[in-house]
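Report on the structure
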Amino acid sequence: MKMSFPFSAIVGQDEMKLALLIAAVDARIGGVMVFGDRGTGKSTAVRALAGLLPPIPVVAGCRYNCPPGSENACPAPEAHRPGKAVMPVPFVDLPLGATEDRVVGALDLERALGHGEKAFEPGLLARAHRGFLYIDEVNLLEDHIVDLLLDVAASGENVVEREGLSVRHGARFVLVGSGNPEEGELRPQLLDRFGLSVEVRTPQDLAQRIEILKRCDAFERGPESFVESWRKAERKTLKKIGRGKDMLPAVTVPDEILSLASRLCIAVGADGLRGELTLMRASRALAALDGDATVAPSHLRHVAPLALRHRLRRNVLDETGSTARIDRAMAELIPA
Amino acid sequence: MTATAVPEAETGPDAFADALLAARLCAVDPAGLGGMILRGGGDMRDPVLDMLRACMPADAPERRLPGHIDEDRLLGGIDLTATLARGGVVMRRGLLAEADGGRVVIPMAERLPDHIVAHLAATLDSGTVRAARDGVMLEAPARLLLVAFDDGVEAEERVSDTLAERLAFHIRLDALSNDRRHRLDGDPISPPLLRLQDIEPPGDDVLTALVATAGMLGIESARAPIFALRAARASAVLAGRRTIGEADVMAAARLVLGPRATRLPAPPQADAPDETPDPPPSSGDAPPDSDGDDQSAPMPMEDVVLEAVMAHLPPDVLARIADGRSRQRAVNRARGAGERRKSAARGRPVGARAGVPGNGLRLSLIDTLRAAAPWQKLRGGQIGRVQVRRDDLRIRRFETRAEAVTIFAVDASGSSAVARLAEAKGAVERLLADAYVKRAQVALVAFRGTGADVLLPPTRSLTRARRSLGDLPGGGGTPLAAGLHAAHDVAQAARARGRSPFIVVLTDGRANVARDGAMVQAVAQADAETAARIIGASAIPSAFVDISPRPRREGAELAAMMGARYLPLPRGDAAAMHAAVVAVQKP
């Protein structure tokens, strides 16, 4: 298997890294959309995070990545073998031009042709269960596939009713999309369904850019030794995620934070309830990452651009970027 | 260093030598460098290809990729005949997988359809070809070196940015005189003595030089310095040096960074550039040794490198930068047939119907099998051998909603007073916002002075639309005829791609510049009427918004000739104008 670039070795791109860490702590956040120009390391970061996470325990032989103890929910328990197994956190890179049958799964052709049997062949959604599903250039994907992915990502379950098959299986994954606004925009309805959004740019600082080049080169020349030299930092990040996950259920959100979140959403004109919900969840995940038992305004402040940026009603006459509008509103609501 | 410093005669042979050098570098590190774009050059591209063939292993495959290739052939898929004959799925390798470890030559790369470009980009990024469609799940190694022939003539007709970004070298051969026969020297190329692994890690001076040069030339992408470093290393391999030297860095910067420049670096000190809003990023963050003791110390490497790049910038890059056109994006002109086929074969699947696949129609294997199933006993089939007859074949049906393209033809002449122009812009922006919600496309034609410009070819990008609208200047005569013709052309082109065009003309209807640019009122009006009739005859739905303070007959008459809805909006503000146009566009 190709080694992935260490997550901790990514230079800059703090916002993207934060969004991915939040999603890793609380998968219900509902996906991350990454906007950015070419060559900004979007896919490197996502792959790096998947490579960082510890292997997950699964039922041996299961094609649906079922966790041990949930055998009853599996659509194909007959394939299960006794004993435990582990697998790396799944990272599914949605190939371009993927069709619906391969995404949701379909009739197993081989068996239908060869044995006249009606069997379900799981698709990419099953493969991505408990891991990451990455879509590069979301704007190139057919709308109905994006809709379908977002639906499944939100419900955590893939329900297949086609070709005389009736199958349902778990499909919990962190959906990460990337896109370049210059290539055409996404429909706002679609954007709204992504939990967080980040904007990445190439760092402008010369020293940072040199560091990027240096690390990429070192990785290319000797991936093993480079990964080894980052192992300690990676372990630290991993610990942070693990601790955040453990802590998450215990983190409390005080009422004034909820009220602050609502006021912020109203102030910036974010439509719908999704904004508030995501804001609350993301603040909680950040508090858990930071090891804080209670969500503070500073957490909210930190994640607000990520959670709201893509939900603002676009006013084409207003050149002010979404981020600036959120910053302004926050400065008014939260005394620094 | 100025734009005129490079006489064309001098660039010519250099460019050819550069192309050969790029080929040799590619052969040293094919996986790292991605490949090259050769723009223009005709026959001169053959020796470059020969050079590649000579330097790469003799058994390296080479495939030509025609622009009309379908995804099945490109990525691989089910071999239909074999599958049906055997009663089991038989796969066929795709072109990209076949070319693993070798070259893919793409003639007329500037015409490559977007989805093919996207597949190539994904393959270059991962070194594998992957597909998940039509009952196929495949992954195969595909480490490719791409050689893209770019035969574009106009500046915007060029290889798509997505692909260009991933190929290290962009070489222009079109400035070369074609009468000179360029060929390889008779000397056989001796293989390099060193390997990539033998080269020592780059020093900080090398890294700084490449990154700083990229910064000074306004290159945003982090891929460019990475490519440059790989090229420098390959150059050291060719030269038999174990350390990357200044010559390697200079060659790499010239070949990789030069063609990507989007701005000229600010002159060292002295006169500051007048219209560079952002200071060159190097100024603040340069290591201390590059500032300060400029006089005594030897020139830092980045300055030497920058100078070398500047001396070799192709004239058109300089011109492009000078024009401020560097941000302009490549426009794929050659859609035509390709795009139409795409709309017939993509979109939301809506079941299947009986029919024979091929010619862009895709087989729906599962439906075919389902159709064949009930007859198996009658046909005497046994398990493992499915008998499929021609009548069983089912092809996929797709529903593609005809995408709407709203074409705004905006009168930016002096007679449409400045205030009206602002209102028109406001209305256009509102409509743009609508279009963006509905995923429709918009195009913008402006006419003023002596002619009309397509400021914005049909696009869905709000960012681009807003930018070009913001830049729209006003003033000059009213070449209404030219404006209508331009709008008509855009509409016809949109129609040819299977989209439904809608023209919105915003003008005061007072034409005073004829098609040939003459300022003769009567001729101008007659020309405008002819243009209006052409739109009417093409039956392109349209609206005519009369923005003159006191609407007169001319406007209504022109609207009638166009078959357009006439909307006099003497005191309309942007909101009223928007509401009116939206109301008209409803069927």
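Please read these numbers as outputs of a predicted model, since none were measured by experiment.

Conventions and cut-offs
Residues numbered from 1 in each chain as written. Chains lettered and ligands numbered in written order. Predicted model: local features only at pLDDT ≥ 70, side-chain atom pairs only at ≥ 80, totals over all residues. Helix = DSSP H or I, 4+ residues; strand = E, 2+ residues; numbered from the N terminus. Buried ≥ 20, exposed ≤ 12 C-beta atoms within 10 Å, placed from the backbone. Contact = placed C-beta atoms within 7 Å. Pairing = 2+ DSSP bridges. Axes fitted to C-alpha atoms, helices over the stretch in contact; angles between N-to-C directions. Expected span 1.5 Å × (residues − 1). pLDDT = per-residue confidence, 0-100. Parallel < 35°, antiparallel > 145°, perpendicular 65-115°, else oblique. Left-handed = near helix turned anticlockwise from the far one by under 90°. Nonpolar A, V, L, I, M, F, W, Y, C, P; charged D, E, K, R; others polar. Right-handed = clockwise from strand over helix to strand, strands pointing away. Core = buried A, V, L, I, M, F, W, Y, C linked by C-beta atoms within 7 Å.

**What about the overall build of chain B?**
- Helices and strands together make up the secondary structure of chain B, namely 22 helices and 17 strands.
- Among the 587 residues that make up chain B, the fraction classed as buried is 47%.
- For chain B, the proportion of contacts with a sequence separation of at least 24, taken over those separated by at least 6, is 76%.

**Overview of the overall build of chain A**
- Regarding its fold elements, chain A presents 14 helices and 11 strands.
- A buried classification covers 46% of the 336 residues belonging to chain A.
- Taking the intrachain contacts of chain A between residues at least 6 apart in sequence as the baseline, contacts between residues at least 24 apart amount to 75%.

**Thoughts on the sheet that holds strand E1 (residues 32–36) of chain A**
Residue and element names in this part refer to chain A.
- The strand order across the open sheet built from five strands is E4-E7-E10-E1-E11, with neighbouring strands paired in parallel fashion. Strands at the two margins of the open sheet, each flanked by one partner only, are strand E4 (91–93) and strand E11 (196–200). Across the sheet, the axes of successive neighbouring strands diverge by a mean angle of 20°, strand direction being ignored.
- Note: E1 against E11, five bridges, orientation parallel. Its bridge partner being in E11, Met-33 is matched across the sheet by Ser-197.
- Helix H2 (residues 42–52) rests against E1, E4, strand E7 (131–135), strand E10 (173–179) and E11 of the sheet, and its axis sits at about 165° to E7.

**Side note on helix H19 (residues 480–496) of chain B**
- The terminal C-alpha atoms of H19(B), which comprises 17 residues, lie 24 Å apart, in line with the 24 Å expected from a rise of 1.5 Å per residue.
- Counted residue by residue, H19(B) has 13 buried out of 17 residues, so it is predominantly covered.

**Observations regarding the confidence of the model for chain B**
Residue and element names in this part refer to chain B.
- Confidence in the prediction for chain B averages 75 pLDDT; 72% of positions are at 70 or higher.
- Confidence scores differ between elements of chain B, with helix H15 (residues 336–345) showing the lowest mean pLDDT of 36 and strand E5 (residues 103–106) the highest of 94.
- Here residues 1–12 is modelled with pLDDT under 50, and outside its nearest four sequence neighbours on either side it reaches 18 contacts, counting other chains as well.
- Here residues 324–344 is modelled with pLDDT under 50, and outside its nearest four sequence neighbours on either side it reaches 33 contacts, counting other chains as well.
- In the predicted complex, the global pTM is 0.69; the interface-specific ipTM is 0.79.

**Section: the packing of helix H8 (residues 206–221) of chain A against helix H10 (residues 223–239) of chain B**
- Put simply, H8(A) and H10(B) touch, their axes get as near as 10 Å, and they point 50° apart. When the interaxial angle is binned, H8(A) and H10(B) end up oblique. Judged by the twist between their axes, the crossing of H8(A) over H10(B) is right-handed. For the pair H8(A) and H10(B), the contacting residues are Arg209(A), Leu213(A), Cys216(A) and Asp217(A) in the first and Pro225(B), Ile226(B) and Leu229(B) in the second.
- Across the contact of H8(A) with H10(B), the residue classes break down as five nonpolar, no polar and two charged.

**Notes on the pairing of strand E16 (residues 542–546) of chain B**
Residue and element names in this part refer to chain B.
- Along E16, five of the five residues are buried, which leaves the element largely enclosed by surrounding structure.
- Residues Ser-542, Phe-544 and Asp-546 line one face of E16 and the alternating positions Ala-543 and Val-545 line the opposite face, and both faces are buried.
- Alignment of strand E15 (residues 500–507) against E16, held across five bridges, turns out to be parallel. Paired with Leu-506 across the strands is Val-545, a residue of E16.
- For the crossover from E15 across helix H20 (residues 521–537) to E16, the handedness is right-handed.
- Note: E16 against strand E17 (residues 565–568), four bridges, orientation parallel.

**Considerations on H10(B)**
- Taking 1.5 Å as the rise per residue, H10(B) with 17 residues should run 24 Å; its terminal C-alpha atoms sit 24 Å apart, in good agreement.
- Burial runs high along H10(B): 15 of the 17 residues are buried.

**Some remarks on the packing of helix H9 (residues 204–216) of chain B against helix H13 (residues 301–312) of chain B**
All names here are of chain B.
- Running from N to C, H9 and H13 point in directions that differ by 50°, and their axes come no closer than 8 Å. With respect to H13, the axis of H9 lies oblique. You can see that H9 and H13 cross each other, and the crossing is right-handed. On the side of H9, the interface is formed by Asp-205, Thr-208, Ala-209, Ala-212, Thr-213 and Met-216, while H13 contributes Met-301, Glu-302, Val-305, Leu-306 and Val-309.
- Of the residues belonging to the contact of H9 with H13, the class tally is seven nonpolar, two polar and two charged.

**Overview of the nonpolar core**
- Ranked by size, the top nonpolar core spans 186 residues in total, and within it Phe132(A), Leu196(A), Leu210(B), Ala228(B), Ala231(B), Val249(B) and Val256(B) carry the most contacts.
- Here this core takes 11 residues from helix H1 (residues 8–28) of chain B, the largest share from any one element.
- By size, the runner-up hydrophobic cluster in this structure holds 57 residues, among which are Leu456(B), Val505(B), Val513(B) and Leu558(B).

**Section: the sheet that holds E16(B)**
Residues and elements named next belong to chain B.
- Within the open sheet, the six strands sit side by side as E14-E13-E12-E15-E16-E17. Their pairing is mixed. Both outer strands of the open sheet, strand E14 (451–459) and E17, are each paired with one neighbouring strand and no more. In this sheet, neighbouring strand axes are inclined to one another by 15° on average, regardless of whether the strands run parallel or antiparallel.
- As paired elements, strand E12 (residues 404–411) and E15 share seven bridges and run parallel to each other. Across the sheet, Ile-407 pairs through a bridge with Ile-503, a residue of E15.
- Together, strand E13 (441–448) and E14 form the strand contacts of helix H18 (residues 462–470), whose direction differs from that of E14 by roughly 165°.

**A few points about the environment of Asp26(A)**
All names here are of chain A.
- Residue placement: Asp-26 occurs in the loop between helix H1 (14–25) and E1.
- For Asp-26, a count of 21 C-beta atoms within 10 Å translates into the label buried.
- For the pair Asp-26 and Pro-249, spaced 223 residues apart in the sequence, the C-alpha separation amounts to 10.0 Å.
- Excluding anything up to four places from it in sequence, Asp-26 contacts Leu-248, Arg-281 and Ala-285.

**With respect to the environment of Gly470(B)**
- The residue Gly470(B) is located in helix H18 in this model.
- Each C-alpha atom of the pair Gly470(B) and Glu429(B) lies 9.9 Å from the other, and the pair is 41 residues apart in sequence.

**Quick look at unusual backbone geometry**
- Of note, the phi angle at Asn65(A) is positive, near 55°, even though the residue is not glycine.
- The topology assignment puts Asn65(A) in the loop between strand E2 (56–59) and strand E3 (84–87).
- The residue Met108(B) is not glycine, and still its phi comes out positive at about 50°.
- In this fold, Met108(B) is placed in the loop between E5 and helix H7 (114–126).

**Some remarks on the pairing of strand E1 (residues 35–39) of chain B**
All names here are of chain B.
- Across the five residues of E1, five count as buried, placing the element largely inside the fold.
- Side chains of E1 alternate between two faces, with Gly-35, Ile-37 and Arg-39 and Met-36 and Leu-38 buried alike.
- As judged from the five bridges shared by E1 and strand E8 (residues 145–150), these two strands associate in the parallel manner. Residue Arg-39 lies in a different strand from E8, and its bridge partner there is Asp-150.
- Of the pairings in the sheet, the one linking E1 to strand E9 (residues 169–172) comprises four bridges and is parallel in character. Residue pairing in the sheet places Leu-38 in a bridge with Ile-171 of E9.

**Regarding the environment of Val211(B)**
Residue and element names in this part refer to chain B.
- Relative to the helices and strands, Val-211 resides in helix H9.
- On the basis of neighbour counts, which here come to 29 C-beta atoms within 10 Å, the residue Val-211 falls in the buried class.
- For Val-211 and Ala-222, which are 11 residues apart along the polypeptide, the C-alpha to C-alpha distance reads 9.0 Å.

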